Amino acid sequence: MAYKTVYDDVIFIEGTDSRVAVKGKVKYKYGLFNSQLKDLNSVKASLASQAKFQRCNCIVEFKYGQKSSWLSLDDTKWFGEGKCGILSDEDYNSIVNEINSK
């Protein structure tokens, strides 16, 4: 069973879900300046914005992490990626209810 969260009305699924109609990819990659002093919520905010731009309400195969950096003010930089897609209203609400009941 894949771990699921909601951020900014977008469902993040760390795995696959056959109910999702995948439309595209989303990616947040650290750069020399853009990821310093960020956190996981910054990654999710960027990916959620990209998903919404593609008219998607979820991200599957969500992967994220940190990479060490010696060239920046901060020691670590965040990255994240996944595939954005669409869940039906019924499936979306079902997953949100499942998340909220935990």
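Our subject is the structure listed above.
Residues numbered from 1 in each chain as written. Predicted model: local features only at pLDDT ≥ 70, side-chain atom pairs only at ≥ 80, totals over all residues. Heavy atoms only, no water.

Caption draft 1: Inspection of the overall build of the chain at higher detail. A tally of helices and strands in the chain yields 2 helices and 5 strands. Considering only intrachain contacts with a sequence separation of at least 6, the fraction spanning at least 24 residues in the chain is 70%. When the accessible area of the chain is evaluated, it comes to approximately 6,400 Å², of which 50% is carbon and sulfur surface. (Helix = DSSP H or I, 4+ residues; strand = E, 2+ residues; numbered from the N terminus. Contact = heavy atoms within 4.5 Å. Areas by Shrake-Rupley, 256 points an atom, 1.4 Å probe, with all protein chains shown as cover.)

Caption draft 2: Examining the pattern of salt bridges more closely. Under the definition given, this model contains 4 salt bridges. Glu98 serves as the salt-bridge partner of Lys4, at 3.6 Å between the closest nitrogen and oxygen. Of this pair, Lys4 sits in strand 1 (residues 3–7) while Glu98 sits in helix 2 (residues 89–100), and the two are 94 residues apart along the sequence. Since its relative accessible area comes to 9%, Lys4 is described here as buried. (Salt bridge = Lys/Arg side-chain N within 4 Å of Asp/Glu carboxyl O. Buried < 20%, exposed > 50% of the residue type's maximum accessible area, 1.4 Å probe, protein only.)

Caption draft 3: Fine view of the pairing of strand 1. As paired elements, strand 1 and strand 2 (residues 10–14) share 5 bridges and run antiparallel to each other. Looking at the pairing, Thr5 lines up with Phe12 of strand 2. Between strand 1 and strand 2, which pair antiparallel in sequence order, lie 2 residues; one of them, Asp8, sits at a positive phi of approximately 50°. (Pairing = 2+ DSSP bridges.)

Caption draft 4: Here's a closer look at the packing of aromatic side chains. Under the defined criterion, the tally for this structure stands at 3 aromatic pairs. Consider the rings of Phe12 and Phe62, whose centres lie 4.9 Å apart with planes at 65°: the pair is edge-to-face. Linking Phe12 in strand 2 with Phe62 in strand 4 (residues 58–68), this pair joins segments that are 50 residues apart in sequence. A residue is classified by how much of its surface remains accessible, and Phe12, at 1% relative accessible area, is buried. Phe62 gets classed as buried once you look at its relative accessible area, which sits at 4%. (Phe/Tyr/Trp six-rings, centres within 6.5 Å; stacked < 30°, edge-to-face > 60°.)

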